[in-house]
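Spelled out from the first residue to the last, the chains are:
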Amino acid sequence: MKMTPWILAILVAASVNKTSTGWAGSLTPSAAPGPTMNTLTELYQKLTNTLTEVQAANQKLTNALAEVEATKTEVQMNQQQVVALQQQVSNLQARLNADGKYVTVGNMVLIPEGSFMMGATTNVGHESFSGETPQHAVSVSAFYMDKYEVTSNLWAEVYTWTTNKGYSFGTEWRAKGATHPLYNVDWYDAIAWCNARSQRDGFTPCYTNANGTVYTNAATHTFTGGCNWSANGYRLPTEAEWEKAARGGVANRRFPWNDGNTIQHARANYNSNPLLDAYDTSPTKNYHPTYDTGNQPYTSPVGSFAPNGYGLYDMAGNAWEWCWDWYAYTYYSTSPATDPRGPTTGTERIMRGGSWYNVANNARCAYRYPSSPHSYGYLALGFRCVRGM
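Residues numbered from 1 in each chain as written. Predicted model: local features only at pLDDT ≥ 70, side-chain atom pairs only at ≥ 80, totals over all residues. Heavy atoms only, no water.

This next bit is on the sheet that holds strand E5 (residues 143-146). Two strands in a sheet stick together by hydrogen bonds in their backbones, pointing the same way (parallel) or opposite ways (antiparallel). Read across the sheet, five strands follow the order E1-E2-E5-E13-E8 without closing on themselves; strand pairing throughout is antiparallel. A strand with exactly one partner marks an edge of an open sheet, and here the two such strands are strand E1 (104-105) and strand E8 (234-235). In the sheet, E8 pairs with strand E13 (residues 386-388) via two bridges, with the strands oriented antiparallel. Directly across from Arg235, in E13, lies its bridge partner Val386. Helix-sheet contacts for helix H5 (residues 239-247) involve strand E2 (108-111), E5, E8 and E13, and the interaxial angle to E5 is about 75 degrees. (Pairing = 2+ DSSP bridges. Helix = DSSP H or I, 4+ residues; strand = E, 2+ residues; numbered from the N terminus. Contact = heavy atoms within 4.5 Å. Axes fitted to C-alpha atoms, helices over the stretch in contact; angles between N-to-C directions.)

As structure tokens, then:
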């Protein structure tokens, strides 16, 4: 019902009368109106103004309540973020190895995102070899890398798992011992094995045929497909990933250690010949005396030497390691600045790291060696895996 000024005035008068007489008296004024009394119109206007003020105050309270609710929601979201971050920190702490230095997942090490200088360290007066220049800045996304080169044990575990699962491999691969690096494995075997390891461990394989199916047939020694870089499975490192990992977070060094630019048998399994390289200062010469026993190859058990700054073993010497990239001598002149993955075509793939058979300069972080993807590397060619984040 719409309330007219007259009805409202009567109600007000009744309320006033109730207050003063408890509804016991007459509504007729007991005396003539005084000079301070209001007309009904004035009373109506005052009440209207009061109502407006009350409504405005109520709106302010409503707005304030909404702000409180919004703040409460924001606080709850912040609390959830704090909990999530605390869980991440807890997870990282749980994955720190015994000396608290390297973040690990199983036998893989986290290589953090960031930039590094790729190529021969000519900026500090070091030598350069074929295709190692120009030195250039490269940014690489974070990834995980195997701490060790793939051993005979690990290869056999996955190889056995592939039985009756449609995989086929070459037959040339070998190893000197269960914990020694695999050798005589060609590039095709390596990428098919990466796919098998991915499927065994519940990850998405990275390497696919041209028709989109999973690459499984390495025995043909052909591959016309590509790499699914967003897949979470195992794969070979790119050349840039390998070199960033090998440098261990340290710039301007020849080798994967941070306290010098020389190499000795105490640091790596390689073929020492100081007459060729002045920075080869090993007191023992030729093949490593500890492992120069029996028939070749003279590989050493993985992890026989100290790790680099990222916690990776045998990044210099022991066995060459396959990378994903095609080789091009001039690639560094046109290489992308972020996550380079090599030329789109080629005839040779990249090997890195040197081996027990090779001299010191091959063990440098910058050294690049091209080889046919069907090569076996003379008893000295293996690989290790990486995984994207």
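The discussion continues.
For the rest of this paragraph, the subject is the pattern of salt bridges. In the structure shown here, the tally under the stated rule is 13 salt bridges. The network of salt bridges with common partners includes Glu239, Glu243, Arg247, Arg352 and Arg368. (Salt bridge = Lys/Arg side-chain N within 4 Å of Asp/Glu carboxyl O.)

Residues Gly114, Phe116 and Met118 point to one face of strand E3 (residues 114-118) and are all buried, whereas Ser115 and Met117, pointing to the other face, are not buried. Relative to strand E4 (residues 136-140), E3 runs antiparallel, the two being bridged by five bridges. Each residue of the ladder has a partner; that of Phe116, found in E4, is Val138. (Buried < 20%, exposed > 50% of the residue type's maximum accessible area, 1.4 Å probe, protein only.)

Attention shifts here to the nonpolar core. Most often, soluble globular proteins keep nonpolar side chains buried together rather than apart. Residues Tyr207, Leu236 and Phe383 are the most contacted members of the largest nonpolar core, which totals 37 residues. Put simply, the parts of the chain that give this core at least two residues each are helix H3 (152-161), helix H4 (187-200) and strand E9 (320-326). At eight residues, the largest contribution of residues to this core is made by H4. Counting 23 residues, the second-largest nonpolar core is a separate cluster that includes Tyr102, Ala240, Tyr327 and Val386. (Core = buried A, V, L, I, M, F, W, Y, C linked by side-chain atoms within 4.5 Å.)

So, on to the sheet that holds strand E11 (residues 369-371). A sheet is described by the order of its strands in space; here four strands give the open sequence E11-E10-E9-E12, paired in mixed fashion. Two strands in the sheet have a free side with no partner beyond their single neighbour: E11 and strand E12 (381-382). The pairing of E9 with strand E10 (residues 349-352) spans three bridges and is antiparallel. Directly across from Glu321, in E10, lies its bridge partner Arg352.

Next up on the list: the side chain of Thr216. Structurally, the position occupied by Thr216 is in the loop between strand E6 (207-208) and strand E7 (226-227). The class of Thr216 is buried, set by a relative accessible area of 19%. For Thr216, the side chain forms a polar contact with the main-chain oxygen of Gly166, separated by 3.3 Å. Apart from residues no more than four positions distant in its own chain, Thr216 is found in contact with Gly166, Tyr167, Ser168 and Ala192. (Polar contact = N/O pair within 3.5 Å; in protein donor to acceptor, adjacent residues only side chain to side chain.)

Before going further, it helps to spend a moment on the packing of aromatic side chains. One pass over the full model with this rule turns up 29 aromatic pairs. An angle of 50 degrees between the planes, with centres 5.6 Å apart, marks the rings of Tyr159 and Phe169 as tilted. In this pair, Tyr159 is assigned in helix H3 and Phe169 in the loop between H3 and H4, connecting sequence segments 10 residues apart. Judged by centre distance (4.8 Å) and plane angle (75 degrees), the ring pair of Tyr215 and Phe223 falls under edge-to-face. The class for Tyr215 is buried, based on a relative accessible area of 2%. For the cation-ring pair, Lys165 lies above Trp161, with the distance from its terminal atom to the ring centre recorded as 4.7 Å. Over the aromatic face of Trp187 sits the side chain of Arg349, whose NZ or CZ is 3.9 Å from the ring centroid. (Phe/Tyr/Trp six-rings, centres within 6.5 Å; stacked < 30°, edge-to-face > 60°. Lys NZ or Arg CZ within 6 Å of the ring centre and 35° of its normal.)

What follows is about the state of the cysteines. Applying the stated criterion across every chain, the model contains zero disulfides. A disulfide-free cysteine, Cys385 has its sulfur positioned 3.7 Å from the sulfur of Cys194, the nearest such atom. We classify Cys385 as buried; its relative accessible area is 0%. (Disulfide = S-S within 2.5 Å.)

Here the focus is the environment of Ala120. Topologically, Ala120 is positioned in the loop between E3 and E4. Taking the C-alpha atoms as reference points, Ala120 and Arg368, 248 residues apart in sequence, are found 10.0 Å from one another. When near neighbours in sequence (up to four residues on either side) are disregarded, Ala120 contacts Glu127, Ser128, Glu132, Thr133, Gln135 and Ala366.

Right, let's talk about H4 for a bit. Between its first and last C-alpha, H4 extends 20 Å over 14 residues, near the 20 Å set by a 1.5 Å rise per residue. Burial analysis of H4 places 12 of its 14 residues in the buried class, which makes it a mostly covered element. Contacts from the buried residues of H4 go to E5, H3, E6, E8, E9 and E10. Structurally, the start of H4 carries an N-cap: the backbone nitrogen of Tyr188 is 3.2 Å from a side-chain oxygen of Asp186. (Expected span 1.5 Å × (residues − 1).)

Put simply, H3 and H4 touch, their axes get as near as 9 Å, and they point 70 degrees apart. Looking at the two axes, H3 sits roughly perpendicular to H4. Seen from H3, the contacting residues are Leu154, Trp155, Glu157, Val158, Tyr159 and Trp161; seen from H4, they are Asp189, Trp193, Ala196, Arg197, Gln199 and Arg200. Looking at side-chain class alone, the contact of H3 with H4 contains seven nonpolar, one polar and four charged residues. (Parallel < 35°, antiparallel > 145°, perpendicular 65-115°, else oblique. Nonpolar A, V, L, I, M, F, W, Y, C, P; charged D, E, K, R; others polar.)

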